[in-house]
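# Descriptive structure summary
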Amino acid sequence: MRAERVETVRHILCVFPRYTSAFGTFEYAYPLTDGVKAFMPPQGLLLIAAYLPENWPVRFVDENLRPATEDDFEWADAVFVSGMHIQRQHMNDICHRAHDHGLPVAIGGPSVSACPDYYPSFDYLHVGELGDATNELIKRLAEDTSRPDEQVVFKTLDRLPMTEFPLPAYELAEIKKYFLGSIQFSSGCPYQCEFCDIPGLYGRNPRLKSPQQIIAELDKLRECGMTDSVYFVDDNFIGNRKAAVDLLPHLIEWQKRTGYVTRLACEATLNIAKRTEILEKMREAFFVTIFVGIETPDPEALKAMHKDQNMMVPILEGVHTINSYGMEVVSGIIMGLDTDKPETGKALLSFVDESRIPLLTINLLQALPKTPLWDRLEKAGRLVDDDGRDSNVKFLLPYDDVVSSWRKCMEVAYQPEKLFERYQYQCDYTYANRIKVPVSPELKTWANIRRGLIMLRNIFWKVGVLGSYRRVFWKFALGRIKRGDIEGLISATMVAHHLITFARAASSGRQNASNYSIRLREASVPAE
């Protein structure tokens, strides 16, 4: 469904802010592709765009692809912005530019919902999810598009059921320029990990879309040009296990209908390894990657952060089980925990070697508002208000020692030799356990073959000829070529190149040690 039609027509400009350079946005892989410029299409703004009255023209601009122009602002009657904490300064910049054109600006999304006080310059704050606050904002703009005398806050009290969500307006985005497609099945998570803000923002009882909605969204993504990979952005794909089980047969049938040209990925807790019946169905649905918040291999630390679900199965055993169903594990890792010791860095590197996980997002602990961690550290006087630091936490170990240990871990874990050894294992073991899918006629088209040739050309030239680790690359590449695994060669090399490049910048102090830090390695943009 969408908002009720109103007689007054308003032109709405939806602007998504730039990301700062981050480990998880894969920007160093883009030059190896056939034109990718950004990570994933933003679900929130595209959902809002689809919900607006049908007679309201909407223009969507992702500033990771291009900046909003003078023409965009002159066309608009109002501007909508959404984003996460790390995009805070860029959201304020968008607000400043819109105000230069006399436009009212509304902000929604996870950052403002958690911290409304971060955004004093915006005219309208949309706090919470799609619902009655959205309708109130639409009503206000229908009546008047002049800027209010003082900030107006709309808080969602009655959320729109996810079964009534419209299909996100993927048609407004340049889908082919994204590294991954994105889709949302559920919202909320039943667990209460100390550092996580999801239960505080979205609740502990996951709310769900219907399987039919998901299939319709996947079809629309394909119509708009996304075929390679689609990521379920749910906080926990098995937050409601029965719902996941009910969805999987629909995904399997969709893959059969469309020829298995799309690879699926998701986030889930490690205890998914105990649910082999779910893993088997995910394998049939062509899930190839699961992001798992392992956080730390230290059981004492897991207990302290209330991540008991990670102890339901030995971590290495759980990773091996997931791999045995053809799914590569991507892991979140946190350093700077209260339980960390001087030797934690060495223990982490040993875990990397043993687990053979290629991609681990190693972050410094960051206390987010709306989390038990924030509340505990605030009471203890251990929150540090200094945007020049990589973390807002006063660690129990010396700050410089923790940052130094993080840099060392990034340097060693992403040495080209070590990383490609882990990818070699994935190719030989994990990928070999995937279902054998038919070669779809869609993959045999000249357009798809040309696309693959462009990526191979870019990889061979930028990595195989110009790259500083070209000998390591060619050892891996020739093995893949001999086996006819061109797809494995392309996918592994693209991600590996980003990881190696980012890690080198990180180990030399040129990248943030936390994906959640608002410390910028570029000129900051002041708010109004």
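As the structure is a computational prediction, the values presented were derived from the model and not from experiment. (Residues numbered from 1 in each chain as written. Predicted model: local features only at pLDDT ≥ 70, side-chain atom pairs only at ≥ 80, totals over all residues. Heavy atoms only, no water.)

### Points about the overall build of the protein
Short version of the rule: Each helix is a run of DSSP H or I of at least 4 residues and each strand a run of E of at least 2, with the numbering of both proceeding from the N terminus. C-alpha atoms define the radius of gyration, and 2.2 Å times the number of residues to the power 0.38 defines the globule rule. Should any heavy atoms of two residues lie within 4.5 Å, those residues are counted as being in contact. Computed by Shrake-Rupley with a 1.4 Å probe, the accessible areas treat only the displayed protein chains as cover when residues are assessed. Charged residues are defined here as Lys and Arg on the positive side and Asp and Glu on the negative side; His and the ends of the chain fall outside this count. Here the site of a charge means NZ on Lys, CZ on Arg, CG on Asp, or CD on Glu.
Along its length, the protein carries 18 helices and 14 strands. Since a compact globule built from 528 residues should have a radius of gyration of about 24 Å, the 23 Å found for the protein is in line with a globular shape. Taking the principal axes of its C-alpha atoms as reference, the protein extends roughly 65 × 60 × 50 Å. Within the protein, residue pairs in contact and separated by at least 24 positions form 78% of the contacts whose partners lie at least 6 positions apart. Of the roughly 22,300 Å² that the protein leaves accessible, carbon and sulfur atoms contribute 52%. Across the protein, the mean location of the 62 positive side-chain charges is 8 Å away from that of the 69 negative side-chain charges.

### Digging into the sheet that holds strand β10 (residues 229–232)
Quick note on the threshold: At least two bridges found by DSSP between two strands is the condition for calling them paired. Axis geometry follows a simple rule: fit a line to the C-alpha atoms, using only the stretch in contact for helices, then measure angles between N-to-C directions, giving values from 0 to 180 degrees.
Pairing in this open sheet of 6 strands is parallel, and the strands run β7-β10-β11-β12-β13-β14 from one edge to the other. Among the strands making up the open sheet, the edge pair consists of β7 (181–183) and β14 (360–364). If you compare each strand with its neighbour and ignore which way they point, the axes differ by 20° on average. For strand β11 (residues 263–268) and strand β12 (residues 287–295), the ladder comprises 5 bridges, and the chain directions are parallel.

### A closer look at the sheet that holds strand β5 (residues 124–127)
Strand order in the open sheet formed by 6 strands is β2-β1-β3-β4-β5-β6, with parallel pairing between adjacent strands. One side of each edge strand has no neighbouring strand; the edge strands of this open sheet are β2 (58–62) and β6 (152–155). Geometrically, the sheet is characterised by an average inter-axis angle of 20° between neighbouring strands, direction not taken into account. Across 4 bridges, strand β3 (residues 78–82) lies against strand β4 (residues 105–108) in parallel orientation. Residue pairing across strands places F80 opposite A106, the latter belonging to β4. Seen against the sheet, helix α3 (residues 88–100) touches β1 (12–16), β3 and β4 and runs at an angle of roughly 175° to β3.

### Here we look at the pairing of β4
Under the convention used in this document: For every residue, the accessible area obtained with a 1.4 Å probe (protein chains only) is divided by the maximum for its type, and the residue is called buried under 20%, exposed over 50%, and partly exposed between those limits. Handedness of a crossover is defined as follows: orient the strands so they point away from the viewer, and if the path from the first strand over the helix to the second runs clockwise, the crossover is right-handed.
Residues V105 and I107 of β4 are buried on one face, and the alternating residues A106 and G108, pointing to the opposite face, are buried as well. On the question of chirality, the crossover connecting β3 to the parallel β4 by way of α3 is right-handed. Relative to β5, β4 is paired through 2 bridges, and the arrangement is parallel. Bridged to A106 within β5 is Y124.

### Points about the pattern of salt bridges
In plain terms, the rule: For this document, the term salt bridge refers to a Lys or Arg side-chain nitrogen within 4 Å of an Asp or Glu carboxyl oxygen.
Counted according to the given criterion, the structure contains 30 salt bridges. Among the salt bridges present, the one from R66 reaches D72, with a minimum N-O distance of 2.9 Å. According to the relative accessible area criterion, D72 is buried, its value standing at 2%. Notably, a salt bridge pairs D228 with R451, separated by 2.4 Å at the nearest N-O pair. Taken together, the residues D228 in the loop between α7 (211–223) and β10 and R451 in helix α16 (residues 446–465) connect sequence positions 223 residues apart.

### Some points on the state of the cysteines
This is how the line gets drawn: Cysteine sulfur pairs qualify as disulfides if the two atoms are within 2.5 Å.
Overall, the coordinates contain 0 disulfides when judged by the stated rule. Counting only cysteine sulfurs, C196 is the nearest neighbor of C115, a cysteine outside any disulfide, at a range of 14 Å.

### Things to note about the nonpolar core
As a reminder, the rule being used: Within this scheme, the nonpolar core is defined by two criteria: the residues are buried Ala, Val, Leu, Ile, Met, Phe, Trp, Tyr or Cys, and they are joined through side-chain atoms within 4.5 Å.
Membership of the largest hydrophobic core comes to 145 residues, with the highest contact counts inside it found for F80, F232, F237, L251, M282, F287 and I290. In terms of residue count, the dominant contributor to this core is helix α18 (residues 486–507) (11 residues). Setting aside chain neighbours within four positions, we find M282 in contact with F237, L248, C266, I272, F287, I290 and M327. In terms of nonpolar packing, the next biggest core, distinct from the first, is built from 20 residues, V81, C95, L103 and Y119 among them.

### Focus: the packing of aromatic side chains
Put simply, the test is: Any two of the Phe, Tyr and Trp rings considered here, Trp counted by its six-membered ring, make a pair once their centres fall within 6.5 Å; the pair's planes then place it as stacked at under 30 degrees, edge-to-face at over 60, or tilted in between.
Within this structure, the stated rule accounts for 21 aromatic pairs. On the numbers, 5.7 Å between centres and 75° between planes, the contact of F16 with Y19 is edge-to-face. Ring plane angle 50° and centroid distance 5.1 Å describe the contact between F420 and F476, whose orientation is recorded as tilted. Highlighted residues: F420 in helix α15 (residues 416–430) and F476 in helix α17 (residues 470–482), separated in sequence by 56 residues. With respect to burial, F420 and F476 carry one shared label: buried. Here the aromatic residues F26, Y30, F39 and F179 are joined through ring pairs into a cluster of three or more.

### Some thoughts on the pairing of β10
Direction of pairing for β7 relative to β10: parallel, over a ladder of 3 bridges. Across the sheet, I183 pairs through a bridge with F232, a residue of β10. Inspection of the sheet shows β10 paired to β11 by 3 bridges, in the parallel sense. Following the sheet pairing, V230 is matched in β11 by L264. Between the parallel pair β10 and β11, the chain is carried across by helix α8 (residues 241–258), and the sense of this crossover is right-handed.

Just geometry here; none of it tells us what the structure is for.
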